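Report on the structure
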Amino acid sequence: MRTFQTGWQQLWSIVGKDLRSELRARQVWVAMALFSALVMIVFYFAFDLRVENRAPVAPGALWIAFVFASVLGLGRTFAAEQEHGAMDRLLLCPVDRQVIFLAKLIGYLIFLAVVEAIAVPLFAAIYNLPILSGGLVVIVVLGTVGIATMCTLFAAVASATRAREVILPLLVFPLLIPVVIGAVRATQSLLIPVVNDPPWPGLLAAFDVIFVTLSVLFFQFVVED
Amino acid sequence: MKIQTLSPLVAATEMDGRMPTERDTVVEARTVRKAYGLRPVLRDVSFTVATGQCVAVLGSNGAGKTTLLRLLATLTRPARGSISIAGYDVVRDANEVRRIVGYVGHTPLLYDELTARENLLFFARMYSVPDGESRADALLRRVGMRNRANERVATFSRGQAQRVALARGILHDPPVLLLDEPDTGLDEEAIGLLRELIAERVASGLTTLMTTHTLERGLAWSDSAVVLSGGRIVHAGPSGAMTLADLRGLYANASRSAR
Amino acid sequence: MNTLASDPAKSGQQESSKPLGKGLLDPVRRYGEYVLGGALAIGMLVSIWAAFLGTPTDAVQGDVQRIMYFHVPMALLAFFAFFVVFVASIVYLLRRDERWDWLARASAEVGVVYTTMVLICGSIWGKAYWGTWWDGEPILTTTLILWFIYVAYLLLRFYSGRTESGARNAAVLGIIGFVDVPIVHFAVTWWRGLHPTGYVLNGATPDTPASVFLALLLAMATFTLLYAFLLLQLYRLERYTTEAERLRAQVEYGDDSAS
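Residues numbered from 1 in each chain as written. Chains lettered and ligands numbered in written order. Predicted model: local features only at pLDDT ≥ 70, side-chain atom pairs only at ≥ 80, totals over all residues. Heavy atoms only, no water.

1. Concerning the interface of chain C and chain A
Each partner contributes to the interface: chain C provides 29 residues, whereas chain A provides 30 residues. Around 2800 Å² of area is buried between chain C and chain A when both sides are counted, 76% of it from carbon and sulfur atoms. Counting the surface chain C buries against chain A, the share from its top three residues, Tyr159, Ile176 and Trp190 of chain C, is 22%. There are three residue pairs in polar contact (both at pLDDT 80 or more) connecting chain C and chain A. Elements that contribute at least two residues to the side of chain C that touches chain A include exactly helix 5 (138-160) and helix 6 (164-191) of chain C. The leading source of residues in the side of chain C that touches chain A is helix 6 of chain C, at 17 residues. In terms of residue class, the side of chain C that touches chain A is built from 21 nonpolar, five polar and three charged. (Contact = heavy atoms within 4.5 Å. Buried area = accessible area lost by both parts, 1.4 Å probe. Polar contact = N/O pair within 3.5 Å; in protein donor to acceptor, adjacent residues only side chain to side chain. Helix = DSSP H or I, 4+ residues; strand = E, 2+ residues; numbered from the N terminus. Nonpolar A, V, L, I, M, F, W, Y, C, P; charged D, E, K, R; others polar.)

As structure tokens, then:
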């Protein structure tokens, strides 16, 4: 019980430390939100969206923007700690590796949440869709957890290689396809309700549970050296 | 170079596992090997350190000093062999070892965007140091950074950051302190402080391992010295019995055999 | 501080004095390889005969259905190869024995080759049967994503070099990638709505001649032999490459190798 308490305190200390550094550095928050908006606008033109095809296509644009922004942001944000060797500061301390992973994940989720809080209303405005609802928040949270988990784990993997920027999306995108499918379909069903659709939010939650469990389990091997 | 006789302080251990008897052993490394890729960095390094000693780890660049300290700090694992600190294995009981060990590395290992004080408070929470605030303030005063406690580490000079790094290293009162070239970037005053710190540790029976390229300092500050060359221990013995000339001879030998 | 006498005879040097350690597949290596190669050659010839001449032409699809005799066994073995990667990765992380790492890498390489062939002959079959090279059929789509995962695996290995951390990271991907496969398949199937498409044997009725099943079994056996044969070769390649690099390191860095 005491170890759990210690771990819990350490977890939030790390999250607090990361957010504080990130707020001071203020490097990428704005850039990433802008980037997501830009991706959505590029899609807007690329697909020549009209009233009829807006609802089925727009959710794809939203999630592509999020996935791209997640991978792009990783190198520069709080996760800069995952730069090879910089992790030593935390690895030195008597903190369980699981706690370090969860702290990194939570920190990144908060970061993405801010970016999305800007991007989602923008999305609703650009595509002129009545989509802002509690349901959307749930779906965005579920999808983001899956994406952020894989990104956090494999950013650490990629940072140990010679080509981290190149290899990260190659590692993460194929693994994330189920999450992307689930998130896009769930978002679509908010716009055009489909009969007999699989329970996508539930599936997304299941994917998240699997991914978080695996990552917590295997993170220790990635940061061992 | 004459072979040093071992004083009782550094009682000999044999490969069969007899333990030193004169004093408690706090660090024990047995046939430790480590390679980066295929380049061997440490080859069958074995040694023991008695509690309360200050040990200087000497050797030219690339001799394996930093790797040895990183192994003791659990930042990397031995490929073969084992290391135990206060009876805890660095691989199996890594978190216990981390609690016991303080480490000051080549880089200050501080967060640039946080202030000196915030850094210490953060690490105090990581090590569950009781009374973190007062401990952090006391240490900042101690290393002479009290007046800059609330400035970001990013604005510090190398020496200033190193002072804060020293404070971080001893924050949790570690029984074993590992200092990797702690004197780099420090001014005369700070070096005096460092010396004081080490002397205090020796007086209160705490163990310190330190690497340095300033051989005079290494010999003067330590109880015993170990010289690494090409990943092997080429010499170990009490510092008092060793002269600078001996050391220079060892270094010269090392560079000759390094091909 | 004290060095333990460095006695090469006692300090685990024996392993490195014998450059080629035991391989996991050693028993097969000695004679098995010839038997395996011979059986493979015969199996290939018989399978080709069976697929093209020994079985009747499909009433609906015509000759193009004969792709099945290659496509289906290769697909099954590709999944099996990645299962081997999965198991070998787990064992590697538990035991840290590089031989399991060689096995994982070798199996991933064969698996990627098989998957590439599956995708190529799958889309040829699709073009002939459905009229399109690609129609998003769930199993084929899953296979494509599988291909991407394991190509990324090989790339990760390439970019990591032959390091321990590279092997560990690859093992993590080898495990998570394999666990992801059913999830991908599940998502892809449901993405297109819930209509199961079993095109593999959907023509199978009680009237299907026994020769079709026999030929399929034969092809299955042959591709299993091919997998085993390639795995063996690649595993040995891994092993010899490592040993060669180790020997080179011995020459370059001194008498005892990194291990």
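Still more ground to cover, so stick around.
2. Structural notes on the pairing of strand 9 (residues 224-229) of chain B
Residue and element names in this part refer to chain B. For strand 9, a buried count of six out of six residues is recorded, marking the element as mostly surrounded by other parts of the structure. Burial along strand 9 is two-sided: the face carrying Ser224, Val226 and Leu228 and the face carrying Ala225, Val227 and Ser229 are both buried. Both strand 9 and strand 10 (residues 232-238) contribute to a ladder of six bridges, which runs antiparallel. In the sheet register, Val226 faces strand 10, and the bridge partner there is Ala236. (Buried < 20%, exposed > 50% of the residue type's maximum accessible area, 1.4 Å probe, protein only. Pairing = 2+ DSSP bridges.)

3. Notes on the packing of helix 5 (residues 97-126) of chain A against helix 6 (residues 134-159) of chain A
All names here are of chain A. The interhelical angle for the contact between helix 5 and helix 6, taken along N-to-C directions, is 135°, at an axis separation of 9 Å. Regarding the angle of helix 5 to helix 6, the classification is oblique. Crossing angle aside, the handedness with which helix 5 passes helix 6 is right-handed. Note on element contacts: helix 6 touches helix 5 through Leu136, Val140, Thr144, Val145, Ala148, Thr149, Cys151, Thr152 and Leu153, opposite Phe101, Lys104, Leu105, Tyr108, Leu109, Leu112, Glu116 and Val120. Broken down by class, the residue content of the contact of helix 5 with helix 6 amounts to twelve nonpolar, three polar and two charged. (Axes fitted to C-alpha atoms, helices over the stretch in contact; angles between N-to-C directions. Parallel < 35°, antiparallel > 145°, perpendicular 65-115°, else oblique. Left-handed = near helix turned anticlockwise from the far one by under 90°.)

4. Brief notes about the confidence of the model for chain A
Confidence in the prediction of chain A, expressed as mean pLDDT, is 85, and 93% of residues score 70 or more. Mean pLDDT values for the elements of chain A range from 82 in helix 2 (residues 29-46) of chain A up to 94 in helix 8 (residues 200-222) of chain A. (pLDDT = per-residue confidence, 0-100.)

5. A word on helix 8 of chain A
Under the 1.5 Å per step criterion, the end-to-end length of helix 8 of chain A is 31 Å for 23 residues, consistent within 8% with the ideal 33 Å. Within helix 8 of chain A, the axis deviates most sharply at Val216 of chain A, by approximately 35°. (Expected span 1.5 Å × (residues − 1). Bend = angle between axes of the 7 residues up to and from the residue.)

6. Concerning the packing of aromatic side chains
Scanning the entire structure with this criterion turns up 25 aromatic pairs over all chains. Considering the side-chain rings of Phe83 of chain C and Phe86 of chain C, the 6.3 Å spacing of their centres and the 35° angle between planes classify their relative orientation as tilted. Of this pair, Phe83 of chain C and Phe86 of chain C both sit in helix 3 (residues 68-95), separated by three residues, roughly a single helical turn. Grouping aromatic residues by their ring pairs yields a cluster made of Tyr44, Phe45, Phe123 and Tyr127 of chain A. (Phe/Tyr/Trp six-rings, centres within 6.5 Å; stacked < 30°, edge-to-face > 60°.)

7. Concerning the pattern of salt bridges
On inspection of all chains with the given rule, the structure shows 29 salt bridges over all chains. Here Lys104 of chain A and Asp18 of chain A are joined by a salt bridge, their closest N and O atoms 3.0 Å apart. Taken together, the residues span a long stretch of sequence, with Lys104 of chain A in helix 5 and Asp18 of chain A in helix 1 (residues 2-25) at a distance of 86 residues. On the accessibility criterion, Lys104 of chain A (0% relative accessible area) is buried. Taking the shortest distance from any N to any O, the salt bridge between Glu118 of chain B and Arg24 of chain A comes out at 2.8 Å. With one member in each of two chains, Glu118 of chain B in helix 3 (residues 116-126) and Arg24 of chain A in helix 1 form a pair that bridges those chains. Exposure remark for Glu118 of chain B: the relative accessible area of 15% places this residue in the buried category. We classify Arg24 of chain A as partly exposed; its relative accessible area is 30%. If you follow the salt bridges from partner to partner, you end up with Arg105, Glu109, Arg162, Glu238 and Glu245 of chain C in one network. (Salt bridge = Lys/Arg side-chain N within 4 Å of Asp/Glu carboxyl O.)

8. Considering the sheet that holds strand 9 of chain B
All names here are of chain B. Strand order in the open sheet formed by six strands is 6-7-8-3-9-10, and the pairing between neighbours is mixed. What marks the edges here is a single partner per strand, and that holds for strand 6 (101-104) and strand 10. On average, each strand axis in the sheet is inclined to that of its neighbour by 15°, with strand direction left out of account. Inspection of the sheet shows strand 6 paired to strand 7 (residues 176-180) by four bridges, in the parallel sense. Following the sheet pairing, Tyr103 is matched in strand 7 by Leu178. Along the sheet face, helix 5 (residues 158-169) touches strand 6 and strand 7 and points at about 170° away from the line of strand 6.

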